[in-house]
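Descriptive analysis of the structure
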Amino acid sequence: MTNTFRVAGATDYQLVADGANYARVGLQVNTVYPVSVFIGMAAPANDTEDFILMTPDRTREIVVNLAATDKVYIRTGTATGVAARGFRESRT
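I will try to describe carefully the structure that is included in this document. (Residues numbered from 1 in each chain as written. Predicted model: local features only at pLDDT ≥ 70, side-chain atom pairs only at ≥ 80, totals over all residues. Heavy atoms only, no water.)

Considering the pairing of strand 8 (residues 80–90)
Where strand 1 (residues 2–9) lies against strand 8, 7 bridges are found, and the strand directions are antiparallel. Opposite Phe5, over in strand 8, you have Gly86 as the bridge partner. (Pairing = 2+ DSSP bridges. Helix = DSSP H or I, 4+ residues; strand = E, 2+ residues; numbered from the N terminus.)

See below:
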């Protein structure tokens with residue numbers, strides 16, 4: 001099953017999708033702030049340099065196939081009502 005969602009912006013990385021539950025995820029920027037996207041097995045430190053940068057005037061959307069051990073996290077660095085919108089496809 002596929003469902004859509006939205007996620008608020010935050011100063012810390014927050015979990016958006018867990019590969020144990022979702023096989024694919026798509027994200028779209030919905031804020032004026034840059035959105036850092038990290039894909040890994042656990043949340044990174046806030047100062048990591050290993051991320052995908054999404055902005056309203058550059059890369060606005062991404063779609064990622066996830067391994068069962070992958071997790072997707074986002075961070076805006078500034079609290080905002082909605083930072084990203086997207087979809088998640090269930091693994092089952």
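Now that the structure has been shown, the text picks up again.
Overview of the environment of Tyr22
Inspection of the secondary structure assignment puts Tyr22 in strand 3 (residues 22–29). Here the alpha-carbon distance between Tyr22 and Arg88, two residues 66 residues apart in the chain, equals 6.2 Å.

Some details on the packing of aromatic side chains
For the structure on display, the rule yields 1 aromatic pair. For the pair Tyr13 and Phe38, a centre-to-centre distance of 6.3 Å together with 65° between the ring planes defines the contact as edge-to-face. Remark: Phe38 occurs in strand 4 (residues 35–40) and Tyr13 occurs in the loop between strand 1 and strand 2 (14–18); sequence separation between them is 25 residues. Phe38 shares its class with Tyr13; the two are buried. Against the face of Phe5 rests Arg88, its NZ or CZ located 3.9 Å from the ring centre. (Phe/Tyr/Trp six-rings, centres within 6.5 Å; stacked < 30°, edge-to-face > 60°. Buried < 20%, exposed > 50% of the residue type's maximum accessible area, 1.4 Å probe, protein only. Lys NZ or Arg CZ within 6 Å of the ring centre and 35° of its normal.)

Quick word on the sheet that holds strand 7 (residues 71–75)
The 4 strands lie next to each other as 2-7-4-5, forming an open sheet whose pairing is antiparallel. What marks the edges here is a single partner per strand, and that holds for strand 2 and strand 5 (52–54). Strand after strand, the sheet turns through a mean of 25° between neighbouring axes, direction not considered. Bridge count between strand 4 and strand 5: 3 bridges; the pairing is antiparallel. For Val35, the partnering residue across the bridge sits in strand 5 and is Met54. (Axes fitted to C-alpha atoms, helices over the stretch in contact; angles between N-to-C directions.)

Remarks on the side chain of Thr31
Summarising the element assignment, Thr31 is placed in the loop between strand 3 and strand 4. Residue class for Thr31 comes out buried when judged on its relative accessible area of 11%. There is a polar contact of 3.3 Å between the side chain of Thr31 and the backbone nitrogen of Tyr33. Among residues more than four places away in sequence, those in contact with Thr31 are Pro56, Thr80, Val82 and Ala83. (Polar contact = N/O pair within 3.5 Å; in protein donor to acceptor, adjacent residues only side chain to side chain. Contact = heavy atoms within 4.5 Å.)

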